[in-house]
Amino acid sequence: MIFMLKNEVSQRKKVILFLLLILLNVTLRIYAVPHETGNDSYQIHALANSISESGTARWWLNPLSVFGLYSYSYASAVPFLLSGISQLSNVDMEKMILLYCMILGLFSIFAAYLMAGAFYNDFVFKYLFAFFFSISQGILQFTTFDSSTRGMFMVAFPLMFYLLLKEDKSWRRLILIVIFLVFLRSVHNFSYFAIPLIFTVILIYMGSRIKLATKKEMKISFNSEKLALLKKVNFTHIYICLLLGAILIPYFTKLFVVGSRYQHLIVMSITTARYVGPSIFLLLGGLVYITNKKKKNSHDWFILISTLFFIPISYSHIYGKFIIIPVVIFFIAIAFKNCLFAISSKRLNTFFIIFVIISSSLFSSYYNNYRTGDSQNYWYMDEKTYQAGIWTSSYIPENSHVFTTIGSVWRMLAISNGHIEFPSLPSLELVYGFVDKPEALNNTVSLPYTNLDYYFEGPYIQQSGTSKLGEYEWMMNFDIKDRRVQNFIEKYNMKYIVYDIASKRGKIMSTVEENNDLIYDGDRIKIWLV
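Remember, predicted model here, so these are calculated numbers, not experimental data. (Residues numbered from 1 in each chain as written. Predicted model: local features only at pLDDT ≥ 70, side-chain atom pairs only at ≥ 80, totals over all residues. Heavy atoms only, no water.)

Engineer: In this structure, what is going on with the overall build of the protein? I would like to understand it.
Structural biologist: What the protein contains, in helices and strands, is 26 helices and 7 strands. For the protein, the C-alpha radius of gyration of 27 Å lies close to 24 Å, the compact-globule estimate for 530 residues. Counting only C-alpha atoms and orienting by the principal axes, one finds that the protein spans roughly 95 × 55 × 50 Å. Looking at the protein residue by residue over its 530 residues, the buried ones come to 51%. Partitioning the intrachain contacts of the protein with sequence separation of at least 6 by distance along the chain shows that 71% fall at a separation of at least 24. Distance between charge centres in the protein, computed from 48 positive and 34 negative side chains, equals 19 Å. (Helix = DSSP H or I, 4+ residues; strand = E, 2+ residues; numbered from the N terminus. Rg over C-alpha atoms; globule rule 2.2 N^0.38 Å. Buried < 20%, exposed > 50% of the residue type's maximum accessible area, 1.4 Å probe, protein only. Contact = heavy atoms within 4.5 Å. Lys, Arg positive; Asp, Glu negative; His and termini not counted. Charge placed at Lys NZ, Arg CZ, Asp CG, Glu CD.)

Structure, rendered in structure tokens:
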């Protein structure tokens, strides 16, 4: 492999290297857990089930609902994709999600390869970028048995870099960019982070036009003083100042930084390293190299200026770790390639390559199959909960509203395939009939465009205090025979009570055990008749 990378790469060698990378990606995505991982995956699973059952998206109240920009809605691309493939292939939804994630993971290789190719037409760099990107823990986590919409967005996001940098000035490219932006918006609200990339392209274009116009003016006026002054301007020094400013901005503006500043920086650094892997130690080397590169082209400036925008965003615990990955991997690939050609000792070079490949693969493999701390106990659905979901799909009628103390029951409802229903998500309140369209529209409030949630949650959101899940949590504090609980059960026509022993008992469960008939007694899930 070392010989292949350090010498001219033939088509045969390229095929071998890609086959090895595909094999590695498939191997890393062979799961060690029995069922879907994460939290969002089961909600997407439930939405996809509802499309397959009803043939429509019941959470659509407004055209903006397609993009998750209206109350009670959710970005619709992934649920529709899963439902469509499942129906066409006649494959169970859980197995379909496993296959979908495997395909999405392999697609990440080629999306990253295209992005890298938009910067440099260098196979070694493109291959290294695809390697580090596709096996980074951030990508692996959301493309291994997890149908979260984050996975689709993170894999597709590099294509935005490719489309913006592609050397094609035709109107078709512009149309394709617009279509792709609409697609990203229908996948996840992270699509807003494509705006800094578009702004960077415009900024570089304007800068190049100003530079060209300035040179022409100087040639006409023959003003040697202006020409000498322009040559003295060190844009690298200016960039370093801007870089330091981007790092410090969140501290002065309180953007994404709450509480201890130093603790926030430490957590951000650890989280980024966790989602990138051991190769993170190459990041600074790549950044320093590009920053100090003497002859920078427009693409070099594109990644440098984009970095200025993404650094403040990286402080966000919600968004940063997902958005920053392509930029970080870019600098890592640059640094790794430089090390590859700078180390003259063949033995040392071999050791370096083997160390980075093995450490990155082992790191990603470990965190793809295990967790540290308390999360190890709940990051995927255990077999007991799964078996309870299968039982309900066989012995409980479809569209049965249930009362629950929640726990892992929200995962179980996806497996029951619409046989047990409760509002674990605002959009599922509409899907399962806990709220009708007139009530949902009445519970919708508009946000002013000055509110940050206007852009990330949508211009219309669900009114505070109208969540049905909040009613569930309130009812846990009362006796099952309490009139308020009885009215609540009658209001939503609940037939069963489902209890996860790992969830909060509340006062209600003690009285349920005494007064109601138990029909399912699993090791973790118990079900009573109302």
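Engineer: Sorry if this is basic, but what is going on with the packing of aromatic side chains here?
Structural biologist: Each aromatic ring pair is specified by the distance between its two centres and by the angle formed by the two planes. Applying the stated criterion to the full structure yields 49 aromatic pairs. The interplanar angle of 75° and the centroid separation of 5.1 Å between the aromatic rings of Phe131 and Phe132 together place this pair among those described as edge-to-face. You'll find Phe131 and Phe132 in the same group, each marked buried. One residue, Arg484, lies across the ring of Phe478, its end atom 3.9 Å from the ring centre. (Phe/Tyr/Trp six-rings, centres within 6.5 Å; stacked < 30°, edge-to-face > 60°. Lys NZ or Arg CZ within 6 Å of the ring centre and 35° of its normal.)

Engineer: Looking at this model, I keep getting lost on the packing of helix H6 (residues 123-135) against helix H18 (residues 346-369). Mind explaining?
Structural biologist: Packed helices, taken two at a time, are described by the angle between their axes plus the distance between the axes. The N-to-C vectors of H6 and H18 enclose an angle of 25°; their axes lie 10 Å apart at closest approach. The pairing of H6 with H18 is recorded here as roughly parallel in orientation. Contact residues: H6 offers Phe131, Phe132 and Ile135, while H18 offers Val356, Ile357, Ser360, Ser361 and Ser364. Of the residues in the contact of H6 with H18, the class split is 5 nonpolar, 3 polar and no charged. (Axes fitted to C-alpha atoms, helices over the stretch in contact; angles between N-to-C directions. Parallel < 35°, antiparallel > 145°, perpendicular 65-115°, else oblique. Nonpolar A, V, L, I, M, F, W, Y, C, P; charged D, E, K, R; others polar.)

Engineer: Whenever I open this one, the nonpolar core confuses me. Can you help?
Structural biologist: Most often, soluble globular proteins have nonpolar side chains that are buried together. Of all hydrophobic cores here, the largest spans 148 residues; its most connected members are Phe161, Phe310 and Phe330. The element that contributes the greatest number of residues to this core is helix H5 (residues 93-119), accounting for 13 residues. Ignoring anything within four residues of it in the chain, the contact list for Phe161 reads Met115, Ala118, Phe119, Leu197, Phe302, Ile303, Phe310, Pro326 and Val327. Core analysis: the next-biggest nonpolar cluster, separate from the first, contains 6 residues, Leu61, Tyr70, Leu430 and Val435 among them. (Core = buried A, V, L, I, M, F, W, Y, C linked by side-chain atoms within 4.5 Å.)

Engineer: What is the right way to look at helix H12 (residues 235-253) in this model?
Structural biologist: Side chains of residues three or four places apart in an α-helix project in the same direction, reflecting 3.6 residues per turn. Relative to the 27 Å expected for 19 residues at 1.5 Å per residue, H12 spans 26 Å between its end C-alpha atoms, a close match to the ideal helical length. Largest kink in H12: about 40°, centred on Ile247, with the proline Pro250 one to four residues after it. Burial in H12 covers these residues: Thr236, Tyr239, Leu243, Ala246, Pro250 and Tyr251. (Expected span 1.5 Å × (residues − 1). Bend = angle between axes of the 7 residues up to and from the residue.)

Engineer: Any chance you could explain the pattern of salt bridges here in plain terms?
Structural biologist: When charged atoms on two side chains of opposite charge get close, those side chains can pair. Counted by the stated rule, this structure contains 9 salt bridges. The partner of Lys468 in a salt bridge is Glu439, and the shortest N-O contact between them spans 3.0 Å. Placement of the pair is Lys468 in helix H24 (residues 468-475) and Glu439 in helix H22 (residues 437-442), with a sequence separation of 29 residues. Accessibility expressed as a relative area gives 4% for Lys468, which makes it buried. Between Lys526 and Asp521 there is a salt bridge, with the nearest N and O atoms lying 2.4 Å from each other. (Salt bridge = Lys/Arg side-chain N within 4 Å of Asp/Glu carboxyl O.)

Engineer: Sorry, what's going on with the environment of Val187 here?
Structural biologist: For Val187, the location among the structural elements is in helix H9 (residues 171-187). Owing to a relative accessible area of 1%, Val187 belongs among the buried residues under this scheme. Between the C-alpha atoms of Val187 and Ala156, which are 31 residues apart in sequence, the distance is 9.7 Å. Dropping the residues within four chain positions of it, Val187 is found in contact with Ala75, Ala77, Thr149, Met152 and Phe153.

Engineer: Even after reading the chapter, I still don't get the pairing of strand E5 (residues 494-500), so can you show me in this structure?
Structural biologist: In summary, the side chains of a regular strand alternate between the two faces of the sheet. Most of E5 is tucked away: 6 of the 7 residues are buried. Pairing analysis gives 4 bridges linking strand E1 (residues 400-404) to E5, with the strands arranged parallel. Each residue of the ladder has a partner; that of Thr404, found in E5, is Val498. Looking at chain direction, E5 and strand E7 (residues 525-529) are connected through 5 bridges and run antiparallel. Counterpart to Tyr499 in the pairing with E7 is Lys526. (Pairing = 2+ DSSP bridges.)

Engineer: Where do I start with unusual backbone geometry in this structure?
Structural biologist: Across residues other than glycine, the phi torsion is negative in most instances, and most of the peptide bonds are trans. Backbone geometry places Asn399, a non-glycine residue, at a positive phi of 60°. Among the secondary structure elements, Asn399 is positioned in the loop between helix H19 (383-395) and E1. Phi is positive for Ile406, which is not a glycine, with a value near 75°. Following the sequence through the fold, Ile406 ends up in the loop between E1 and helix H20 (409-416).

Engineer: What should I look at first to understand the pairing of strand E6 (residues 518-521) in this one?
Structural biologist: Relative to E7, E6 is paired through 3 bridges, and the arrangement is antiparallel. Its bridge partner being in E7, Leu518 is matched across the sheet by Trp528.

Engineer: When you look at the confidence of the model for the protein in this model, what are you seeing that I'm missing?
Structural biologist: Caution applies to low-pLDDT regions: their predicted coordinates should not be interpreted in detail. Residue-level pLDDT values for the protein average 88, and 92% of them are 70 or greater. Mean pLDDT across the elements of the protein ranges from a minimum in helix H1 (residues 2-6), with 52, to a maximum in H6, with 96. (pLDDT = per-residue confidence, 0-100.)

Engineer: So what exactly am I meant to see when it comes to the sheet that holds E5 here?
Structural biologist: In sheet architecture, strand pairing relies on hydrogen bonds along the backbone and comes in two forms, parallel and antiparallel. Read from one edge of the open sheet, 5 strands run E2-E1-E5-E7-E6, paired in mixed fashion. Two strands in the sheet have a free side with no partner beyond their single neighbour: strand E2 (420-421) and E6.

Engineer: What's the story with the environment of Lys294 in this structure? I'm lost.
Structural biologist: With respect to the helices and strands, Lys294 occurs in the loop between helix H14 (283-292) and helix H15 (298-313). For the pair Lys294 and Thr236, spaced 58 residues apart in sequence, the C-alpha to C-alpha distance is 8.8 Å.

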